[in-house]
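Structural overview
The chain contents come next:
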Amino acid sequence: MNNSIDIRVEFSFKGETYDLLSHIDLDARLTQHDQPPSFHQVLAHDHKIDTISYLYEVMQEEEIEFSNAQGIAADFLQDGEFDLQGFTAHWHEHHIAVLVRPIAKQFMGIDDLEQHHALRDALVMAYKLGRG
């Protein structure tokens, strides 16, 4: 299942009320950018708001509301608060584990790294060291 979440912000500017909603595919974002998205920037982009405008500055003053988390992202949404840093760290760990799984299979005949935590951790650490 894909990891995704809905984000929303509501604010007023110059007598007009804005209620902006976007759906974010977190897997696609992290795969493309390797860093968590700026939710305000995503909303601005999706709703054609210039990020160097007063409208954007006013929008940034409001907190993002989170809902409809799917996949593992749902584990990081509690009482309307999304732990983006926790989710991102978990996502990267899982992504690296998927990358090193074939190494465990090829050299040690291990199909399920989750049954061998020490080996999984060692391979993940070696991957991270290799990336510098």
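Everything in this summary refers to the structure shown in the same document.

Reading the values: the criteria
Residues numbered from 1 in each chain as written. Predicted model: local features only at pLDDT ≥ 70, side-chain atom pairs only at ≥ 80, totals over all residues. Heavy atoms only, no water. Helix = DSSP H or I, 4+ residues; strand = E, 2+ residues; numbered from the N terminus. Polar contact = N/O pair within 3.5 Å; in protein donor to acceptor, adjacent residues only side chain to side chain. Contact = heavy atoms within 4.5 Å. Pairing = 2+ DSSP bridges. Axes fitted to C-alpha atoms, helices over the stretch in contact; angles between N-to-C directions. Buried < 20%, exposed > 50% of the residue type's maximum accessible area, 1.4 Å probe, protein only. Expected span 1.5 Å × (residues − 1). Arc of directions from axis to C-beta.

Below, the discussion takes up the side chain of His40. Within the element layout of this structure, His40 appears in helix H2 (residues 39-46). Only 3.4 Å separates the side chain of His40 from the backbone oxygen of Met59, close enough to count as a polar contact. When near neighbours in sequence (up to four residues on either side) are disregarded, His40 contacts Tyr56, Met59, Gln60, Glu62 and Ile64.

The strand order E2-E1-E3 describes an open sheet built from 3 strands, whose pairing is antiparallel. Since the sheet does not close on itself, it has two edges, and those belong to strand E2 (16-25) and strand E3 (65-70), each with one partner. Mean inter-strand twist for the sheet, computed between neighbouring axes without regard to direction, equals 15 degrees. By the bridge criterion, 10 bridges tie strand E1 (residues 4-13) to E2 in an arrangement that is antiparallel.

What follows deals with the side chain of Thr88. Its place among the elements puts Thr88 in helix H4 (residues 84-108). In this structure Thr88 comes out as buried when scored by relative accessible area, which is 8%. When residues no more than four places from it in sequence are discounted, the contact partners of Thr88 are Leu30 and Pro36.

All right, on to helix H5 (residues 117-131) then. Counted at 1.5 Å a residue, the expected span for H5 with its 15 residues is 21 Å, and the 21 Å between its end C-alpha atoms agrees. Arg120, Leu123 and Val124 are the residues of H5 that are buried. Taken around the axis of H5, the buried residues stretch over an arc of 100 degrees, which confines them to a single face. Facing away from the buried surface of H5 by more than 90 degrees, the exposed residues are Ala118, Met125 and Leu129. Of the residues flanking the end of H5, it is Gly132, one or two places downstream, whose phi is positive at about 85 degrees.

This is a description of form; function is not addressed.
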